[in-house]
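Examination of the molecular architecture
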Amino acid sequence: MKRNGRLVKRIVTQESVNRYCEWLYGCEKSSGTIKQYKHYLLLFMQYMNGKSVEKRDVIMWKGILRERMAPVTVNSALAAVNGFLTHNAWQDCRTKFLKVSRRVFCPESREIDRDEYKRLVKCAYKKGDERMAMLLQTICATGIRVSEVPYITIEAVKQGRAEVECKGRIRTVFLTSRLCYMLLDYAKKSHIDSGMIFVTRSGKALDRSNIWRNMKKLCEGADVLWDKVFPHNFRHLFARLYYEQEKNLVRLADILGHSNINTTRIYTMESGRNHMRQLEKLEVLFDFYNKFSLLL
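Residues numbered from 1 in each chain as written. Predicted model: local features only at pLDDT ≥ 70, side-chain atom pairs only at ≥ 80, totals over all residues. Heavy atoms only, no water.

Looking at an unreviewed UniProt entry, one finds the protein named Integrase, with Enterocloster bolteae as its source organism.

Shown next as structure tokens:
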């Protein structure tokens, strides 16, 4: 790129990535978003290896990612890089996102059902991990994100609702009376009188990796596929169960804290198996051909 007749190199450095992340923090982006963007930007920096950025480089990098990652993941990486390029006034290097058709069904290998969830909770109790049993039930009874677990406090439980802040938005999460009773009983046995309910032995909030790891430990005992067990999948289960009962997508979007209802549609996707059952119920096929000879 030329500026005032001089060739200006556009180098991606650790310092420029850090500055961009600081700018994102000033824009009040979530810590999760900033961490993800930084990860992809550092991958792009390694790919460029000190070379000046040109649009063809970004296009080639997109092609490499496409061979290794799912389209949605590639677009997440491109969002990070395109934002960085815009921030540095290198808009001419931006590239287009991959066009991804909206999925109609979710893969059966990833969809967790009510019975599997019940077995996981039962397994947690059997192993003596009441904290994990209560955490699974709290996520599945409220639809909260794993990052929102620290907002489930003694004070919130006593009020029957938690004020949750995520992605710059605050919403009210209602806690049923039965859930509140169970949480207070667990807190009493765990000697927790105030503040966060789901904490480590040192009193710190459970982090994502800790929760993820302990959930995975339940798979074998509950006879549930390893790929199905991760915190966000129980949020999806809550969404499907709520939608099956209420059929109100707009209200569900508010409960989940979605600003775009199309995101909520993803959460309510059924597996192809359920769709096949619905097709079978149509009963529009007849076996008349069995009674007549067919000319081939």
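Applying the stated criterion across every chain, the model contains 8 aromatic pairs. Each ring, one from tyrosine 20 and one from phenylalanine 84, has its centre 5.7 Å from the other, and the planes form 85°; the classification is edge-to-face. Of this pair, tyrosine 20 sits in helix 1 (residues 14–26) while phenylalanine 84 sits in helix 4 (residues 71–87), and the two are 64 residues apart along the sequence. Each member of the pair tyrosine 20 and phenylalanine 84 is classed as buried. Site record: aromatic cluster; members linked through ring pairs are Tyr20, Trp23, Phe84 and Trp90. (Phe/Tyr/Trp six-rings, centres within 6.5 Å; stacked < 30°, edge-to-face > 60°. Helix = DSSP H or I, 4+ residues; strand = E, 2+ residues; numbered from the N terminus. Buried < 20%, exposed > 50% of the residue type's maximum accessible area, 1.4 Å probe, protein only.)

Here we take up the environment of valine 100. The topology assignment puts valine 100 in the loop between helix 4 and helix 5 (114–126). Sequence spacing of valine 100 and asparagine 75 is 25 residues, and the spatial spacing of their C-alpha atoms is 9.2 Å. Residues contacting valine 100, with those up to four places away along its chain left out, are Pro71, Val72 and Asn75. (Contact = heavy atoms within 4.5 Å.)

Let us look at the pairing of strand 4 (residues 169–174). Relative to strand 4, strand 3 (residues 161–166) is paired through 6 bridges, and the arrangement is antiparallel. Residue pairing across strands places cysteine 166 opposite arginine 169, the latter belonging to strand 4. Two successive antiparallel strands, strand 3 and strand 4, enclose a turn made up of 2 residues, where lysine 167 displays a positive phi of approximately 55°. (Pairing = 2+ DSSP bridges.)

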